[in-house]
Amino acid sequence: MTQNIGPISWFAERTLRKMEKRYDYSFDYVRYLWHVSRPAYRRFSFGFMWFATGREVLPADAGAVAGIVSTLHADCGPCTQITVNMAAEAGVSANILSAAVSGDLNALPENLALVYRFTHAVVNADYNAGEMREEIIKLYGEKGLADMAAVIAAGQVYPSLKRTLGFGETCLKVTVNQHDVDAHRLGAKAAA
């Protein structure tokens, strides 16, 4: 989809191009925000993006699993791929990433399978997830839960924002460590 996204500041454009090259991901939707509403751009770039990328205590592998599950619920294309790419860059193993993308809970360590099931419950509005929440708090503390909340929220916001602005894409393959992985598209059914 081609849209007239207009000029963007030199610094912002340079930053976006570096990120696009680094993660093989289009930030045209951010350019669009800049062009049509500077206040919306600022709220997104300096508010939400800052909130979504912060992680105080949650380990990278737990954040990756939560992010992948949340993003897969809202998108199975570029947003999922950038989530995988960022997690790989943070040192999360390809085995964990592949298991999270494919929905193979048996291939995840027990703590990460819990993160997967809890995130699945959250994005499907399962209000009976309280027991799992308590287990998450035992594992990662309340700060870890707060970190996880930001990761899960981000997984929903980016795909929704892109689709709303007309930059959403259809499902694409997800690649982990140069291997295509069949994405387990999450529906409203319970996690296995």
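In case you missed it, the structure is sitting above this.
Sequence order sets the numbering: in each chain, residues are counted from 1 along the sequence as written. Confidence filtering applies because this is a predicted model: local features only for residues at pLDDT of at least 70, side-chain atom pairs given and counted only at 80 or more, and all residues used for totals across whole chains, interfaces and linings. Values reported for side chains reflect all heavy atoms of the structure, with hydrogen atoms and water molecules removed beforehand.

**A closer look at unusual backbone geometry**
Stated formally: Strands here are runs of E lasting at least two residues and helices are runs of H or I lasting at least four, both read from the DSSP assignment and numbered beginning at the N terminus. Categorising residues by exposure relies on relative accessible area from a 1.4 Å probe, with only protein chains included: less than 20% of the type maximum marks a residue as buried, more than 50% marks it as exposed, and the intermediate range marks it as partly exposed.
Here the phi dihedral of Asp 24 falls at roughly 50 degrees; this positive angle occurs in a residue that is not glycine. As for its placement among the helices and strands, Asp 24 is situated in the loop between helix 1 (10-23) and helix 2 (28-36). Residue Asp 24 is classed as exposed on the basis of its relative accessible area of 71%. Positive phi values are uncommon outside glycine, yet Ala 125 reaches one of about 55 degrees. Among the structural elements, Ala 125 can be located in the loop between helix 7 (110-123) and helix 8 (130-165). Using a relative accessible area of 43% as the deciding quantity, one classes Ala 125 as partly exposed.

**As for the side chain of Asp 75**
This is how it is decided: Within this scheme the basic residues Lys and Arg register as positive and the acidic residues Asp and Glu register as negative, but His and the chain ends are omitted. Between Lys or Arg on one side and Asp or Glu on the other, a salt bridge is scored when a side-chain nitrogen of the former is within 4 Å of a carboxyl oxygen of the latter. Here a polar contact means two N or O atoms within 3.5 Å. Within protein one must be a hydrogen donor candidate and the other an acceptor candidate, and residues neighboring in sequence count only if both atoms are side-chain atoms.
Inspection of the secondary structure puts Asp 75 in the loop between helix 4 (60-74) and helix 5 (78-89). It is Arg 163 that comes nearest to the buried, bridge-free Asp 75 among opposite-charge side chains, at 5.3 Å. Side-chain polar atoms of Asp 75 contact the backbone nitrogen of Cys 79, separated by 3.2 Å.

**As for the pattern of salt bridges**
A side chain of one charge can pair with a side chain of the opposite charge if their charged atoms are brought near each other. Evaluated as defined, the whole model comprises seven salt bridges. With its nearest N and O atoms 3.3 Å apart, the salt bridge here joins Glu 56 to Lys 143. Placement of the pair is Glu 56 in the loop between helix 3 (38-53) and helix 4 and Lys 143 in helix 8, with a sequence separation of 87 residues. Overlapping salt bridges bring together Glu 13, Arg 17, Glu 20, Asp 28 and Arg 31 as one network.

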